[in-house]
Amino acid sequence: MTSPISSVHDLSEQLSSPIEHRFQAAIHAGEFLVTAEVMPPKGGSIQHMLDQALQLKDWVHAVNITDGSRAVLRMSSLAVAAILRQQGLEPICQMACRDRNRIALQADLMGAHALGIQNILALTGDPIKAGDFPKAKSVFDLESVRLLNIIRHLNNGLDGNEKPLPDGPTQLLVGAAVDPQLASWSGLQSRFERKVMAGAEFFQSQLIVDFDRLEKFMTEIAAPAKKPILAGIFLLKSAKNAQFINRCVPGVNIPESIINRLDKATDPLQEGIAIAAEQVQQARQLCQGVHMMAIRREDLIPQILAQAGVTPVRKTQTTS
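Residues numbered from 1 in each chain as written. Predicted model: local features only at pLDDT ≥ 70, side-chain atom pairs only at ≥ 80, totals over all residues. Heavy atoms only, no water.

Asker: How do you make sense of the side chain of Asn-241 when you look at a structure like this?
Answerer: Tracing the sequence through the fold places Asn-241 in helix 9 (residues 239-248). Setting aside its immediate chain neighbours within four residues, Asn-241 contacts Phe-234, Leu-235 and Leu-236. (Helix = DSSP H or I, 4+ residues; strand = E, 2+ residues; numbered from the N terminus. Contact = heavy atoms within 4.5 Å.)

Following this line, the structure appears as structure tokens:
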């Protein structure tokens, strides 16, 4: 029978594997960063999600796991992050304030640290009415800036009340979301600067369609902070898909020129891949990375990146 002490030692060895530092190392090295979003399953089987995610393994520095995106019920982001980490993928675990109070958020953050999940994306969360349980009760005990502050305290060995943690600090690399296309320029600047002050070490953007606006944001707002910005690149699968996003995703206005291009294409999906690849190339001239989104077609992300001239972040090791 294995003793508790040896079991804890074995677990510690397992959780100290080098994959947990790949994303942070790439940030510090100034590499062009590539992350991709994976949506947790809605149900008990992880197979489809896992099949899609594993195809990203050589192409991304880390994989984001969404936390109830658009307030739609899905499997726990923390559970999926732990599963993907076991499969050799470095996770970025999204944590939204919508569904948990500050006690539950801190509990999950300490749990993430214990599981070797180092990267956290702190989010306020989409409103309940946007999702499939509109009668559910929102929590919103915190919002993203205050969540960032709490994570900073945890990393300094303090809880949210600034009381010492008797069992030691966490070591979490925390990021935040940014929307360079926000209508209010002063609001965008204020929110970004507050997130930097609260401890955000990287930023992932909402999907970008206005690259002139992104360039202005990078030059006038982001540059002084010297934090990596990853531009959100979304795979549009058809003109209908683009129109749906315009209707349902606040702050996004996909241009008619792109919608018409998709509508006239003999193969809309391949045209969407070409558009996404062009956008990756544009983003590469402006910021330090891209955050790829291709809902339930994550398997196409390597094709988009290759078409954009982005090389794999690592080569698969083979044995003879």
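Next, the rest of the story.
Asker: I'm lost on the confidence of the model for the chain in this one. Help?
Answerer: Caution applies to low-pLDDT regions: their predicted coordinates should not be interpreted in detail. Model confidence for the chain is summarised by a mean pLDDT of 92, while 92% of its residues fall at 70 or above. Taken as a whole, residues 316-320 scores under 50 in pLDDT and shows 1 contact with residues more than four places along the chain or in a different chain. (pLDDT = per-residue confidence, 0-100.)

Asker: How should the packing of helix 9 against helix 10 (residues 256-264) be read in this particular structure?
Answerer: Helix packing geometry: the angle between the two helix axes and the distance between the axes. Direction vectors running N to C along helix 9 and helix 10 enclose 150 degrees, while the axes themselves pass 8 Å from each other. Comparing the axis directions of helix 9 and helix 10 gives the class roughly antiparallel. Only Ile-259, Leu-262 and Asp-263 of helix 10 make contact with helix 9, whose side of the interface consists of Ala-239, Ala-242, Gln-243 and Asn-246. (Axes fitted to C-alpha atoms, helices over the stretch in contact; angles between N-to-C directions. Parallel < 35°, antiparallel > 145°, perpendicular 65-115°, else oblique.)

Asker: Would you take a moment to explain the sheet that holds strand 8 (residues 289-293) for this structure?
Answerer: Strand pairing within a sheet occurs via backbone hydrogen bonds; the two strands may be parallel or antiparallel. Spatial ordering of the closed barrel is given by 1-2-3-4-5-6-7-8, a layout of 8 strands whose pairing is parallel. When strand polarity is set aside, the average angle formed by the axes of neighbouring strands in this sheet is 30 degrees. Both strand 1 (residues 33-38) and strand 2 (residues 62-65) contribute to a ladder of 4 bridges, which runs parallel. Bridging across to strand 2, Val-38 finds its partner in Ile-65. (Pairing = 2+ DSSP bridges.)

Asker: What exactly am I supposed to notice about the pairing of strand 2 here?
Answerer: Consecutive side chains of a regular strand alternate in pointing toward one face of the sheet and then the other. The alternating pattern of strand 2 places Ala-62 and Asn-64 and Val-63 and Ile-65 on opposite faces, both of which are buried. Across 3 bridges, the pairing between strand 2 and strand 3 (residues 91-96) is parallel. Looking at the pairing, Asn-64 lines up with Ile-92 of strand 3. (Buried < 20%, exposed > 50% of the residue type's maximum accessible area, 1.4 Å probe, protein only.)

Asker: Help me understand the packing of aromatic side chains, please; the structure alone is not making it clear to me.
Answerer: We describe a pair of aromatic rings using the distance from one ring centre to the other and the angle between the two ring planes. The full count for this structure, using the stated rule, is 3 aromatic pairs. Judged by centre distance (5.0 Å) and plane angle (90 degrees), the ring pair of Phe-23 and Phe-202 falls under edge-to-face. Residue Phe-23 is found in helix 2 (residues 22-28), and its partner Phe-202 is found in strand 6 (residues 202-207); the two are separated by 179 residues along the sequence. Accessibility expressed as a relative area gives 0% for Phe-23, which makes it buried. You can call Phe-202 buried: its relative accessible area is 0%. (Phe/Tyr/Trp six-rings, centres within 6.5 Å; stacked < 30°, edge-to-face > 60°.)

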